[in-house]
Amino acid sequence: MLTANARNERTLYAVILTVAMAAVVGSALAFEHIGGYIPCALCLTQRTPYYIGAPLMLVAAVLSYAGGPAWLVRGLLTVGGLLMLYGMVLGIYHSGVEWKWWDGPAGCATSADAVTTDAGSLLGDLSSKKPPSCDAAALRVLGLSFAGWNVLASAALAAVAARAAAIRG
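Summarised in this report is the structure supplied together with it. In this text, all values refer to a predicted model and were calculated from it rather than measured experimentally. (Residues numbered from 1 in each chain as written. Predicted model: local features only at pLDDT ≥ 70, side-chain atom pairs only at ≥ 80, totals over all residues. Heavy atoms only, no water.)

1. Quick notes on the nonpolar core
What counts is decided by this rule: Residue types Ala, Val, Leu, Ile, Met, Phe, Trp, Tyr and Cys, when buried and joined through side-chain atoms within 4.5 Å, form a set referred to as a nonpolar core. Categorising residues by exposure relies on relative accessible area from a 1.4 Å probe, with only protein chains included: less than 20% of the type maximum marks a residue as buried, more than 50% marks it as exposed, and the intermediate range marks it as partly exposed. Here a helix means four or more residues in a row that DSSP labels H or I, a strand means two or more in a row labelled E, and each is numbered from the N terminus. When checking whether two residues touch, look at their non-hydrogen atoms; a contact exists if any pair is within 4.5 Å.
With 20 residues, the main nonpolar core has L17, M21, Y50, L77, M84 and L157 as its most contacted residues. Elements that contribute at least two residues to this core include exactly α1 (4-33), α2 (41-65), α3 (70-98) and α5 (146-165). The leading source of residues in this core is α5, at 6 residues. Beyond its immediate chain neighbours, meaning those up to four positions away, Y50 contacts M21, V24, V25, P55, M84, N150, A153, S154 and L157.

Take a look at the structure:
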């Protein structure tokens, strides 16, 4: 029997996960489009769990709020947690590449636009801008690169999702 308290708690966790996942990937997009930090291929790959996870957590929240089957909501929360664990592994891998602990993928470059669309600046940009390498951190804050911060965010979100999926009732 599904208790209202368990349903409300799962719904709250699912909403928190939705917002947090959207905020993390939104921050990455803001650093790219507002801050001008061009992502490398590994940076772009690390966004995938968030692109899948945020809408999935929204579905979990709506199902939970509407009184959907607890097993389904718990399953979606579990999948969200697994996605965040996958994102954490990607972040660890990328951090290791940045710290030169191991080699990154051969030919790691970005697929994001690195040059302007303004014809007057195009020639200058072609000679001055190049896609970033996966082994060079674009920015470090408190000693951590974007990949390092993604490890922490993914681990925290995986823990929240696991807690939410464990709610019985």
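Next comes the rest of the write-up.
2. As for the environment of Y93
Within the fold, Y93 resides in helix α3. Spatially, the C-alpha atoms of Y93 and V151 are 9.6 Å apart, while their sequence positions differ by 58 residues. The residues contacting Y93, other than those within four sequence positions of it, are L42, W102, D103, G104 and P105.

3. Things to note about α3
Quick note on the threshold: For a helix, the expected span equals 1.5 Å multiplied by the residue count minus one.
For α3, with 29 residues, the first-to-last C-alpha span of 42 Å sits near the 42 Å given by 1.5 Å per residue. After α3 finishes, the residue K100 shows a positive phi value of roughly 65°.

4. Structural notes on the packing of aromatic side chains
Condition: Whether two aromatic rings pair depends on their centres lying within 6.5 Å, for rings of Phe, Tyr and Trp, where Trp uses its six-membered ring; planes under 30 degrees apart make the pair stacked, over 60 edge-to-face, and the rest tilted.
The final tally for this structure, using the stated rule, is 3 aromatic pairs. Measuring from centroid to centroid gives 4.8 Å for F31 and F146, while their planes differ by 55°, and the two rings are tilted. Placement of the pair is F31 in helix α1 and F146 in helix α5, with a sequence separation of 115 residues. For F31, a relative accessible area of 36% puts it in the partly exposed group. The exposure class assigned to F146 is partly exposed, which follows from its relative accessible area of 29%. With 6.1 Å between their ring centres and 65° between their planes, W101 and W102 make a pair best called edge-to-face. Residue classification places W101 among the exposed positions, given a relative accessible area of 60%. Ring pairs connect the aromatic residues W99, W101 and W102, which therefore count as one cluster.

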